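# Summary of the model geometry
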Amino acid sequence: EIESQLSSSKKENETLRENLLALTEKSNIKEKTLSAALAELKALSEKHFEAQEELRNERERRQDEVSSLQFSIDDISTEMLKMSHKTHDLECENHALKLELRKMRTVNESSKSMRRAARGF
């Protein structure tokens with residue numbers, strides 16, 4: 001009877017040992033799976049951070065470019081305004097010169113008429 005109990009205990013121990021090994025293997029598989037998943041998550045997180053950093057840098061570059069273009073537009077606008085004022089001044093001067101020329105022609109014609117009239121007497 002003791003031998004049968006020993007045999008039974010031996011079988012039970014072997015079964016328990018096999019179950020323990022199976023559970024350990026499952027635990028190792030889970031641990032390896034979890035470890036791989038965490039490594040992948042870390043890699044994705046790093047890529048996400050790098051992508052965000054790249055987008056931030058690109059946004060700053062574009063903002064700098066827009067600012068530069070705005071300064072150029074402002075400079076061009078200022079120059080165009082100066083040119084407009086200069087054009088206006090030149091047009092006013094041109095108009096004044098034309099009036100002066102008309103006056104001179106009128107005076108000239110008037111003096112010619114007076115000379116002709118004086119000769120006629």
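In what follows, the structure referred to is the one given above.
Everything in this summary refers to the structure shown in the same document. On a predicted model such as this, the values are computed, not experimentally measured, just so you know. (Residues numbered from 1 in each chain as written. Predicted model: local features only at pLDDT ≥ 70, side-chain atom pairs only at ≥ 80, totals over all residues. Heavy atoms only, no water.)

## Considering the pattern of salt bridges
Stated formally: Salt bridge, as applied in this entry: a Lys or Arg side-chain nitrogen positioned within 4 Å of an Asp or Glu carboxyl oxygen. Helix and strand assignments follow DSSP, with helices taken as H or I runs no shorter than four residues and strands as E runs no shorter than two, numbered in order from the N terminus.
One pass over the full model with this rule turns up 4 salt bridges. A salt bridge links E53 to R56; the shortest N-O distance between them is 2.6 Å. Of the two residues, E53 and R56 are both situated in helix α1 (residues 2-120); the distance of 3 residues between them amounts to about one turn of the helix. Between K82 and E79 there is a salt bridge, and its shortest N-O distance comes to 3.7 Å. Remark: E79 and K82 occur in helix α1; sequence separation between them is 3 residues, near one turn of the helix. One network of salt bridges, with partners in common, ties together E58, R61 and R62.

These figures capture arrangement, not role.
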